[in-house]
Amino acid sequence: MDKRLVSLHADGSGDVLEATLDKLGEDQLKKFLSDAIRTSVTDPVQLLKAAFAGSPIGKRNGLERRQLLFRHALDCLNDEGRSDKVCGDIVGVLLLEVDSFGVDQLAELCDYFLGKIKAGDVANARCLELFPKVLSTVQWMSNVPVSGDCDGGTMSGVAYKSHVINKICSCKWSSSIVIHLTNMFRDVSMTNDELRFVLEKIVRMFENIELSELPPLIYQLLLLSNKGHKRLALDGLCSFFCKLDRQCAEEQGTDEALQPAMTTELRPTQGTVILHITFAAKQDQELGREFIKTLKSCQQRSSSAVLSPFVLALALSLARIRRFEEPVFEILIAAITRSYRDAERRKASRWAYETTPPVSNIASLLMEVCQLSSWDHVTQGLVQLGFMLMDANAPKSSGFTAQSPQQQACSLGSSILLETFKVHDAVRGDILQQILNRVVVKTTSSVTHYLDLLTLAATHSPQTLLASLPKIREAFDYLSYLPLTSAIGLLRSVQPLMKLSTTLKDSLILVLRKALFSREVESRRVGLAGFLLLLRKLKVMGGCVPCSQASQPWSASQIQVEIHSQVRPSGHEALCLDILGNIRRCMTQQLPIRQMLYEGLYQVLIANPELRTSVLDLLRRQLQLYFVADTSQAAPVLLDSCFTMSNDVAVASEPLGHLLLAVQSCLQRCLRWQESADEDRITADERAVIDTTEKIIVSVVKRLQDCELEDFDLDKSADYSTATSVGAKNHLCAGLVLDIYEAAIEFVFLDSGLSAESGQSLCKLFSVHESLTSVLADKTNAGVKRGRPGTAKSTAHRSLFSLNFLAQFWKALYSDQLPSHQDCLLMLRANTALRRHLLTVTLQYLQQLHSNGHSLLADGKCRENDMEQCATIAKMLLGQFVKAVAQGTMGDASGAELNVANRDKGKTLPSLSLECVCVVMQIMSTSSSERLWLFLDQLESAYESEDPRPASDSDLVAHVSYHIRQIQGFVIDLLTANHEDLGNKDCQTLLQLLQLLSMHLPPESDEFAELYAWAVRVCTERNINDTALVRSFIQLLLKLSEACKASLNVVRRLCRDIHYHLGDVEEDVELEEDSTTFAAVNPRMAAPTVLALVCSHIDAVLDGVNWVIGKAKMSYASPEGVDDSDEQCDRILVENIEQPICQRLVSAVSAANDIVQSAIPPGLSREHILKLCKNLYTTLGAWAKFQLSLYGKQQGNISGAFQKLVTLTGAHLAQEVYSFISYIQLPDNEPVANGGQVTAKKGKKGAKVGKKAAGNGKAVPAHVAREQRAIPALIFAIEQYERFLIQLSKKSKINLMADFKRSTARDFRINGAVLEAALHQQGSDEDEQVDSEELLPADDDSCPAAKKAKGGGGGKGLSSKLARRVVHHKEVEYGSGNEGYNEEDEEEELQLLDAEDGGLVEE
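Just so we're clear, the structure is a prediction, and the values are computed from it rather than from any experiment.

Q: In this structure, what is going on with the overall build of the chain? I would like to understand it.
A: The secondary structure content of the chain amounts to 62 helices and 6 strands. Per-residue burial for the chain yields a buried fraction of 53% across its 1403 residues. Across the chain, the fraction of contacts at a sequence separation of at least 24, relative to all contacts at a separation of at least 6, is 74%. Accessible area for the chain stands at about 61200 Å²; split by element, carbon and sulfur atoms hold 49% of it.

Below, the structure is given as structure tokens:
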């Protein structure tokens, strides 16, 4: 029968076909259609066409049959296992027949689809392809019947379509049909609101979908978002995956066994989704721009939201598109820097710590992305991000400084690159190339962070870098053009590769040899530094290299076979000898090169002991050129040979002191080796070199003891000025002699064994050194003009003593107990000048180490041995300071030391010792916690205290607390000492130590609370008269208070003390003495010392409040589609911050209220107060504006705390600020009485002063001009704050302006002095003087005075030109009022003043 129906339709027999279909029952027709679709014996498409052709629309049974066929075909399509081709053909037929249905049939079809969706009975997405067509058709219908809840009613087609979409999105979706529905909605025409409703439903369904099903769903979602609301889709995606990332991190923290399974499934899903979004963004640029907006909004709300693994990976993937590269990296870098800054703020302020949510560990988030080897599309973005972080946050110096947010961001960039280098093979070459490019190109800025990264990479996988040898060899070609520090750092970084590649070693040697023969001095220094580095690293094992071979010339051809045939340490002998032969020619080059050679050869001998004899013989031969063997001559060296003449100017060519120091240092090493070595291991050549060198050094030292200045052609009366050629040569010669004597002193101390004879020798040597130093100092100071001491400092001699000598000297002087050494040590301890000089040199050396990160004589790197020597020095000097404090002998008993100290900036030997300890503490406190722990543990033995030391296994906090207790005792002892000036200076250093140690205490710990309580107690009980010491105490107190206390009680008490000691601006006010708290704040210290510190601290407090307000604003600017309750947003709720902010501002207002009532003397203190008041009102305005913005979001609510704050500012602060403005504007700063009015007597005096100033035309003092510029800014801030309060009053229906009163400080006032001067310039009669009452402010009572001034001019008013000149003498810079005030009185006054010719005004 089915075939007959198809044939009838093909023959065009419509009537017969219709009659045949009428005879068939519904079940038969369904069976025919089902069999045709299932077996395909009969073409189902032709059968459907025949059935529809035989069912005319005009007949009832035909229409019913069409509807039956349509619904049965849909049922068949929904069955699984149907051929896609057959289903597609059937859908095509059904689509053509939809237009033939009436409104009732279309409504029934819609109900059919709704039923399927609600039941989740959609096995084949083909059936849903008809739904968009049905909705599109019904949209144009009118009076569509509605079933269900609206049964019996009708709707328009558009409304019915919206009704159906709402029904679909309101019902529960089965997870199996979400993708099908998303695909279906792409073909449905929807309004903006309908589309938003659908997208929100799909986003909410993410949590019910399996992770493996998410990528196809998100792909369909992105296609659907092409209609609009891309931002909503992206925000939903980011929010969902951020939540999953957070759950994954939490599970990893609780149970590490669960983490791999979830991560294994989540990361591939995220990677596929990122690929879908990136592909879509390439096709649709608008999608990428919307993601940038999403990224910005996330960055403003919370940095952790931007740096979550999914969002970060998506951003880096999109950054590969050129259009989005710059904005993406700008946002990421800003988010990273902001995160570190926020963490620093929370650490420094207890109030910020308690008010704001914690900051996520962004380093761990980024490291997680770096470790994902499957996300190849993110790798290149990670590399670029790492280098951009390092470029933007390059370290400014290489010294020992605390980690700033910029340095932390730079370290994070280095960690990203290193982790990426380890995990991803594909980008290793790119990372290496970019590092080398930056090292070569950035010749004017620091590249130490890039070199450190290169060192870590080479240490981690040197074999990997061997694949990039051509790039490294290319970088070597630019080696001679690099700065010295960069060149040494580069060579040190690639040093591990030298052991693996002889080719690279050969290339480097050729480059260094070319640099050594360069015309440029810097290139030669680079070549020499490279050779010295190779000598230190190429270890020679076995027997010592014969010195006879070292003196012979070598060539590369002689060592070629040995280099390539052996890579064992024993094979380095020939290469080292070749290098020594190359650098021998440096002994005839310029002074800096020779100096570097002498300093470096000693380091070579330490690192490569087998070269000891060769190095010693090389130095000995050079020294013999200047050694005078004839003992009849007093001077043992030829100084004239150390200079050359250039254009009649003497130029030093040989650093003889450095040469002598290098020879004696190497000699001591060789002598110690000779004593410990077996006799059969020492060759005759080695013994001869050592003996000859020792004889030369001993001869030089002995003859130096008996020399006088005249033996070196130096006389006390000679010219040492650098302005003349003779004086310049004498100055250079004197410096050379000082270097020689310092080298001799170091040799005698380290080599003689501290015998009595050596003690005498040391004293004799230093006596000559001291006399020459005093001659140079006297001559230099005599030649320096008075008031310009900087010239003397520029010619100061740099000491040649090594850090090792200084450490050994102080250790022997203060801890050596051997009886045989006591005679020598007693002589050294009695020589105060020697100790003072060495203490000064030690302090300079340590300061250089702290600021530059390396010592004076080092090769640009701080060695571990230097840190150990610093610890030894600190221990010895601290012990001496402790003894001096315990014995009360801060100066010498005879008073000589105290007199010397008074001449030398008031520093005694204990004071200098303490400064050295403080510098070492600064170095150690910025190093690692382990090193600081060891240093503090070692330092504890220097204290003579009954307080038990912490156990050896105690943590760092216990050691820090112990040192703090000892230092606190020293401070109390020094505050009660006899020599207050010297004790005060030491107290400042001790307080600096306390501040350094407090950085390593947790602010919430009991130890920190004890330190804070001690600082409060000292400031309360001690009346200190030293300005610098009071400043140090108040700074420490404010810093500790901010770190451990959320309130501002200390600040408020300080302000009350300032108010009491300075007095009130109103002379009739008497302050109670019982109101004072801190004895350290006295009338002498209140202003400007304490006042400036308090104002600065309150400004910092207000800055922190503004920061919290800004974070709250960003938190409430949540974009669409993001769940505000999500913890990832780190949202700051108003109810959580309103009370803390109001309390903080109330405290600041109370403190400012006391300050502005104080009678501040003229100067910078007034500017500080005006600036403080302006910042305070700006912050108050920002807080009021934020409260106003909440009403725009229907979340506004005026709390009692805010009302209290407003009342305090209106009823108290505002009036006092206006009185303070009037006070500082008075000519002689008389106290203001009667609310800003000036008495007649004082007004007359002010008029005379003004007249004199106007008549003489004197310029206004600078501080007055600055105050005048600051007052308008303050008035504007007040007006802005009151403007927001007026608007807030209207929104909240609460009168917040009830306590605000109008002040004359913002009105016009008549300037009687200027008016009188102007009248005199016009030739007015003497009897027409201006009455002094005209100085009253321009309120209602001042108008008659203005009229009197006008009538006094003989009936003639001032000309308009004169009036303009008088007005411009003092221009009006304030605002004239506020919104909300009654301005009618003010306008009447202005009109009255304009009508009168004499109405001259000033501020």
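Still more to cover.
Q: What's the story with the pairing of strand β3 (residues 643–646) in this structure? I'm lost.
A: Sheet analysis places β3 next to strand β4 (residues 649–652), joined by 4 bridges and oriented antiparallel. Pairing of M645 across the sheet is with A650, part of β4. In textbook terms, the turn of a hairpin is the stretch between consecutive antiparallel strands, and for β3 and β4 this stretch comprises 2 residues, one of which, N647, has a positive phi near 55°.

Q: So what exactly am I meant to see when it comes to the packing of helix α18 (residues 322–348) against helix α21 (residues 376–392) here?
A: Packed helices, taken two at a time, are described by the angle their axes make and the gap between the axes. The N-to-C vectors of α18 and α21 enclose an angle of 55°; their axes lie 11 Å apart at closest approach. In terms of orientation, α18 and α21 fall into the oblique class. Crossing handedness for the pair α18 and α21: right-handed. Listed contacts from α21 to E325, F329, L332, I333 and I336 of α18 are G381, Q384, L385, M388 and L389. Across the contact of α18 with α21, the residue classes break down as 7 nonpolar, 2 polar and 1 charged.

Q: Looking at this structure, how should I read the packing of aromatic side chains?
A: For any pair of aromatic rings, the description rests on two quantities: the centre-to-centre distance and the angle between the ring planes. Taken as a whole and judged by the stated rule, the model has 21 aromatic pairs. A ring pair is formed by Y943 and F970, whose centres lie 6.0 Å apart and whose planes are at 35°; its orientation type is tilted. Of this pair, Y943 sits in the loop between α47 (929–939) and α48 (956–975) while F970 sits in helix α48, and the two are 27 residues apart along the sequence. Connected via pairs of aromatic rings, a cluster forms that spans F749, F801, F805, F809, W810 and Y814. Against the face of F421 rests R428, its NZ or CZ located 5.4 Å from the ring centre. Against the face of W673 rests R612, its NZ or CZ located 4.1 Å from the ring centre.

Q: Help me understand helix α50 (residues 1006–1021), please; the structure alone is not making it clear to me.
A: Every α-helix carries 3.6 residues per turn, so stepping three or four residues along brings you back to the same face. With 16 residues, α50 should cover 22 Å at 1.5 Å per step; its first-to-last C-alpha distance of 22 Å lies within 8% of that length. Buried residues of α50: F1008, L1011, Y1012, W1014, A1015, V1016, V1018 and C1019, and no others.

Q: Which parts of the structure should I look at to understand unusual backbone geometry?
A: Negative phi characterises most residues that are not glycine, and trans characterises most peptide bonds. Between A1087 and the following residue, P1088, the backbone shows a cis peptide bond with an omega angle of 5°. Mapping P1088 onto the fold places it in helix α53 (residues 1083–1115). The phi dihedral of H229 is positive, around 60°, even though this residue is not glycine. By the element assignment, H229 lies in the loop between α12 (214–224) and α13 (230–254). For K1293, which is not a glycine, the phi torsion comes out positive at approximately 65°. Mapped onto the fold, K1293 is located in the loop between α58 (1262–1292) and β5 (1309–1310). Using a relative accessible area of 74% as the deciding quantity, one classes K1293 as exposed.

Rules behind the numbers
- Residues numbered from 1 in each chain as written.
- Predicted model: local features only at pLDDT ≥ 70, side-chain atom pairs only at ≥ 80, totals over all residues.
- Heavy atoms only, no water.
- Helix = DSSP H or I, 4+ residues; strand = E, 2+ residues; numbered from the N terminus.
- Buried < 20%, exposed > 50% of the residue type's maximum accessible area, 1.4 Å probe, protein only.
- Contact = heavy atoms within 4.5 Å.
- Areas by Shrake-Rupley, 256 points an atom, 1.4 Å probe, with all protein chains shown as cover.
- Pairing = 2+ DSSP bridges.
- Axes fitted to C-alpha atoms, helices over the stretch in contact; angles between N-to-C directions.
- Parallel < 35°, antiparallel > 145°, perpendicular 65-115°, else oblique.
- Left-handed = near helix turned anticlockwise from the far one by under 90°.
- Nonpolar A, V, L, I, M, F, W, Y, C, P; charged D, E, K, R; others polar.
- Phe/Tyr/Trp six-rings, centres within 6.5 Å; stacked < 30°, edge-to-face > 60°.
- Lys NZ or Arg CZ within 6 Å of the ring centre and 35° of its normal.
- Expected span 1.5 Å × (residues − 1).

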